[in-house]
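Each chain is listed here by its residues.
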There are 2 protein chains.
Amino acid sequence: MLRSCAARLRTLGALRGPPGGRRLPGREPLPALRSFSSEEVILKDYSVPNPSWNKDLRLLFDQFMKKCEDGSWKRLPSYKRIPAEKIQDFKTHLLDPKLVKEEQMSQTQLFTRSFDDGLGFEYVMFYSDVEKRMVCLFQGGPYLEGPPGFVHGGAIATMIDSTVGMCALMAGGVVMTANLNINYKRPIPLCSVVMINSQLDKVEGRKFFVSCNVQSVDEQTLYSEATSIFIKLNPAKSLT
Amino acid sequence: MLRSCAARLRTLGALRGPPGGRRLPGREPLPALRSFSSEEVILKDYSVPNPSWNKDLRLLFDQFMKKCEDGSWKRLPSYKRIPAEKIQDFKTHLLDPKLVKEEQMSQTQLFTRSFDDGLGFEYVMFYSDVEKRMVCLFQGGPYLEGPPGFVHGGAIATMIDSTVGMCALMAGGVVMTANLNINYKRPIPLCSVVMINSQLDKVEGRKFFVSCNVQSVDEQTLYSEATSIFIKLNPAKSLT
């Protein structure tokens, strides 16, 4: 549970616009640390091309950016850290001061953004509100190795969780992962690009059902399929 | 599929003993690169205490090391990289030279060992052959953040996949993940220690069924439960 909330909150914060217009458009260096205090944080958007992106990822990125021109799709920015005000719900309802020390929090980074350019998760997500679909373009770098030459199953699960979670968030608000069920069909070669296509299948009360598949760029190879269930958070109730 | 094979092959290699006795017992620096060529690789075992391990992890480590004294349990070493000869099966049967370039392979690191000490996955696994059980002691560092203050669901999935995969490997040989089904029940605070208890439930032909739970050190909090299916590799058949 709560698996994808951070990424979602980061995105929501970004979509609402950064406080005081402090976000930099490029990939400028970030301050080394942030804390849960009210200090200012400069946000850098990592879901834009960098020199490590290969030709496939750049081509797909351009194709989806074209789809964004008429507003039917939108690109979701993502960050390593977010300003304290964006995570107030977590501080109030979920974070137990006994469990989480301020000192430890000063080093935190979003898992999927914790590698240097090209070594780990390179990705960008696009969302269609009309279709309730989230597409993630993902290039897994050499630090994500599982079987020799292939992406680790946990790294694939991470990107699936992030994508379906973001889909549920965009459709339903702040949610938590309750279940993730993945069928692995073929190994994904390191440094190749795959597309994770997710869609909201149904909503039952506070439950959001999202499914996805992971395919090659030419859509000829199905690497994985997954289903997931998310629960909409009740901010009046602590979950820890 | 194939999600956990690398970790398993690394472990198998280690259990059989390093070639030429070149493995260093401590946490000495590694050469920066390795390739699939026949170059020598110095292995460093990462599943031993380092200064980032907190009190809980050290205490549990000592407890399990005591269990190892009579041979009923054994500690599994793990490495960032392995010598080329240990992955010959993958090179022969799974790695397609068209897909995986030698140049990219020179940078690869096992996903779960690709962070500096304390920042990412700190863990050690212990196996009981009599009980067909694998226990992983896991401390998730600040670079594994998902929801603010908590471990990312993908990082939890990664450690679950690694643990159940290792359990299947030790019981059945080189296997691949076919399914991973995780129920997330409570968020895991960053920098805390959890125990992942896995066991082989049954074997049907080439299918290995493994289940696990993720609990707090005092066993009072159940964080997650998971089931998985692994398929024993048929080395005569390419899977890509």
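Residues numbered from 1 in each chain as written. Chains lettered and ligands numbered in written order. Predicted model: local features only at pLDDT ≥ 70, side-chain atom pairs only at ≥ 80, totals over all residues. Heavy atoms only, no water.

Colleague: Break down the environment of A:Met195 for me, citing the residues and quoting the values.
Modeller: Residue and element names in this part refer to chain A. When you line up the elements, methionine 195 lands in strand S5 (residues 193-204). For methionine 195, a relative accessible area of 5% corresponds to the buried category. The sequence separation of methionine 195 and lysine 66 amounts to 129 residues, and the corresponding C-alpha distance is 17 Å. Setting aside anything within four residues of it in sequence, one finds methionine 195 in contact with Leu60, Cys136, Leu137, Asn213, Val214, Gln215, Ser216, Val217 and Glu219. (Helix = DSSP H or I, 4+ residues; strand = E, 2+ residues; numbered from the N terminus. Buried < 20%, exposed > 50% of the residue type's maximum accessible area, 1.4 Å probe, protein only. Contact = heavy atoms within 4.5 Å.)

Colleague: Could you give me a rundown of the pairing of strand S2 (residues 121-128) of chain B, with the residues and numbers involved?
Modeller: All names here are of chain B. Counting buried residues in S2 gives eight out of eight residues, a clear majority hidden from the surface. Burial along S2 is two-sided: Phe121, Tyr123, Met125 and Tyr127 and Glu122, Val124, Phe126 and Ser128, pointing in opposite directions, are all buried. Bridge count for S2 against strand S3 (residues 133-140) is eight bridges, and the pairing is antiparallel. Looking across to S3, one finds that tyrosine 127 is bridged to methionine 134. In this structure, the hairpin formed by S2 and S3 is closed by a connection of four residues, where lysine 132 is found at a positive phi of approximately 55 degrees. (Pairing = 2+ DSSP bridges.)

Colleague: Which residues make up helix H5 (residues 153-172) of chain B, and what values go with them?
Modeller: Residues and elements named next belong to chain B. With 20 residues, H5 should reach 28 Å at 1.5 Å per residue; the first-to-last C-alpha distance of 28 Å fits that figure. Extensive coverage of H5 is indicated by the burial of 19 of its 20 residues. The first or second residue beyond H5 is glycine 173, which carries a positive phi of 95 degrees. (Expected span 1.5 Å × (residues − 1).)

Colleague: Tell me about the pairing of S5(A), and name the residues and values.
Modeller: Two faces belong to every sheet, and in a regular strand the side chains alternate between them. Residues and elements named next belong to chain A. Note: strand S3 (residues 133-140) against S5, seven bridges, orientation antiparallel. In the strand pairing of S5, glutamine 139 is matched with valine 193. In terms of strand pairing, S5 meets strand S6 (residues 207-216) through 10 bridges, oriented antiparallel. What sits directly across from valine 194, in S6, is serine 216. Where S5 folds back onto S6 in an antiparallel hairpin, the turn is made up of two residues, including glycine 205, whose phi is positive at roughly 60 degrees.

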